[in-house]
Amino acid sequence: MNYPVLEVPVLGGGLLIAIISILHVYTAHFAVGGGLYLVLTEGKAYREGDQALLDFVRGFSRVFVLLTVVFGAVTGVGIWFTVGTVTPPATSSLIHLFVWIWAMEYVPFFVEITTALVYYYGWDRLSPRMHLLVGWLYTVAAYSSLVFINGILAFMLTPGAWPRTGNVWHAWWNPGTLPSLVMRTSVALALAGLFGLLTGTRLKDDGLRRRVVRYSAMWLWPAFIGLPLGGLWYFSRVPEPARAQFLGGAAAVTIFMAASLVLSVLILLFTYWGPYREPGRVSFPLALLFVTLGLLVTGTSEWVREAIRKPYVIYDYMYVNGIRPAEVAEIDRRGILRYARWARPVPAGPSPDAVLARGQEVFRLQCMACHTVDGYNGVRALVRGWTPEFTEFQLRHLNRLKGFMPPFAGTDEERRALAAWLASLNPRPPWAPSSPEARPAAAAPHSGADAPAAVSPNMRRLLPQ
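Residues numbered from 1 in each chain as written. Predicted model: local features only at pLDDT ≥ 70, side-chain atom pairs only at ≥ 80, totals over all residues. Heavy atoms only, no water.

- Going by an unreviewed UniProt entry, the protein carries the name Cytochrome c domain-containing protein and comes from Caldinitratiruptor microaerophilus.

**Comments concerning the packing of aromatic side chains**
- Summed over the entire model, instances satisfying the criterion amount to 31 aromatic pairs.
- With centroids separated by 6.0 Å and ring planes inclined at 55°, the aromatic side chains of Y26 and F195 adopt a geometry described as tilted. Separated by 169 residues along the polypeptide, Y26 in helix α1 (residues 12-48) and F195 in helix α8 (residues 177-200) bring together distant segments of the chain.
- Exposure remark for Y26: the relative accessible area of 8% places this residue in the buried category.
- Taking the relative accessible area as the measure of exposure, F195 reaches 8% and is therefore buried.
- For the pair W162 and Y317, a centre-to-centre distance of 5.2 Å together with 70° between the ring planes defines the contact as edge-to-face. Highlighted residues: W162 in helix α6 (residues 162-165) and Y317 in the loop between β1 (312-314) and β2 (318-319), separated in sequence by 155 residues.
- Just above the ring of F284 sits the side chain of R202; from NZ or CZ to the centre is 4.6 Å.
- Across from the ring centre of F235, 5.9 Å away, lies the NZ or CZ of R243, which sits over that ring. (Phe/Tyr/Trp six-rings, centres within 6.5 Å; stacked < 30°, edge-to-face > 60°. Helix = DSSP H or I, 4+ residues; strand = E, 2+ residues; numbered from the N terminus. Buried < 20%, exposed > 50% of the residue type's maximum accessible area, 1.4 Å probe, protein only. Lys NZ or Arg CZ within 6 Å of the ring centre and 35° of its normal.)

**Some words on helix α16 (residues 352-366)**
- Under the 1.5 Å per step criterion, the end-to-end length of α16 is 21 Å for 15 residues, consistent within 8% with the ideal 21 Å.
- Residues of α16 that are buried include every one of A354, R358, G359, E361, V362, F363, R364, L365 and Q366, and no others. (Expected span 1.5 Å × (residues − 1).)

**Examining empty space enclosed by the protein**
- A full pass over the atoms with the stated rule returns two cavities of 30 Å³ or more.
- As a volume, the largest cavity reaches approximately 250 Å³.
- Along the wall of the largest cavity there are 25 residues; nearest its centre are V5, V86, P89, N321 and L365.
- For the lining of the largest cavity, the secondary structure elements donating two or more residues are α3 (88-97), β2 and α16.
- Examining the composition of the lining of the largest cavity, we find that three residues originate from one element, α3, more than from any other.
- Along the lines of polarity and charge, the residues of the lining of the largest cavity split into 19 nonpolar, five polar and one charged.
- Considering the residues around the second largest cavity, the lining is formed by G35, L38, V39, F64, V65, A116, Y119, G135 and Y138.
- Looking at which element gives the most residues to the lining of the second largest cavity, the answer is α1, with three residues.
- Per-class residue counts for the lining of the second largest cavity are seven nonpolar, two polar and no charged. (1 Å grid on protein atoms, 1.4 Å probe; cavity = no way out; pocket = protein on both sides within 12 Å on 5 of 7 lines; lining within 4 Å. Points joined across faces, edges and corners; volume = space filled by probe spheres on them. Nonpolar A, V, L, I, M, F, W, Y, C, P; charged D, E, K, R; others polar.)

See below:
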């Protein structure tokens, strides 16, 4: 609540972060696996005296540098800018906690960028031995960077002992760190193979093209083992509520998870029966399809990882809207319009316009991290047909009725104002009560027994009696 709220029309802040981060994650993993692909293939060409293969590696290094250094740098800056402006409380918390981890990560990152450029421009300037050494330096630096960042990303879902100890080592080396590293390493090697496959299909020499395509397909074999083992290991380490979402607790999560698994299996099987068994029949469009499917797998997997973390952005520490559970009681007492430092001035008084203005501002402060009005995850469609009393009831029990959402934080008057504003987004349904007497006894808290009549019997059973 110490930062301004960025309003991203149509897309919403969450989707904007997702689009940029998926592209960056995809590129960053290729940057790790691709470095190893380059040096091992270059070494193979030297050992076998294969000048044609060496020429292929030289061409591949150009694709590699353009994607990882140029495109990777653009998306890297983009992801920092978007997370810093859309979710500043979480970004600030991570920077303060992991400041030294990030400082250490900067060293291999600097080495990674430098050696990538030296490697590319050093083909005709360095001896083969020195050129390979530069390539290995790049590979070690890139993997070190992955190790540092992986611990921070895993922490956001599996903070481990950190909430109790406050120790940064416990935060970084958390229960999800190692299984997540196994999966990310497998993905990095698989992406190296996919991009090698894509580049290999452009070769004119038919014999070389067959060898490179078949060789690149073999880079996906480690994923056959690493992804299922790492996935099961990771699954066993996530918090129980998050695991329940995998197992059908949230239909969208289950569907996306199943889609990720199915696409992964299809890629692995098709690369075996196609590029590995029949390398001569693999065309550039088919290889491009494999690369695109790889991007879809990355996107769905990252979406699932983010989704099962909700209602938190940092598990058990900070809700997705930037409010910490420890702050909720104080916000309930003071009101979010007074508590949030960047709340806009709103009119006081009981007039309908004043109430709606306060409700809109409460929505901006608490809900816009995930919702837009009419765009992605648009709230107008979500509350269509809801009466003010039903909306207010939903807000009162929000985190129990929808386990992936944080609880409403604020005073009763603010909750009623938000309910009134949400209900005003759609025309009143013909069956809704319209007389003042039929409107909610807003000041009195609802219990399960006095819940509005619009609440179903099943919903009533979820509430305290």
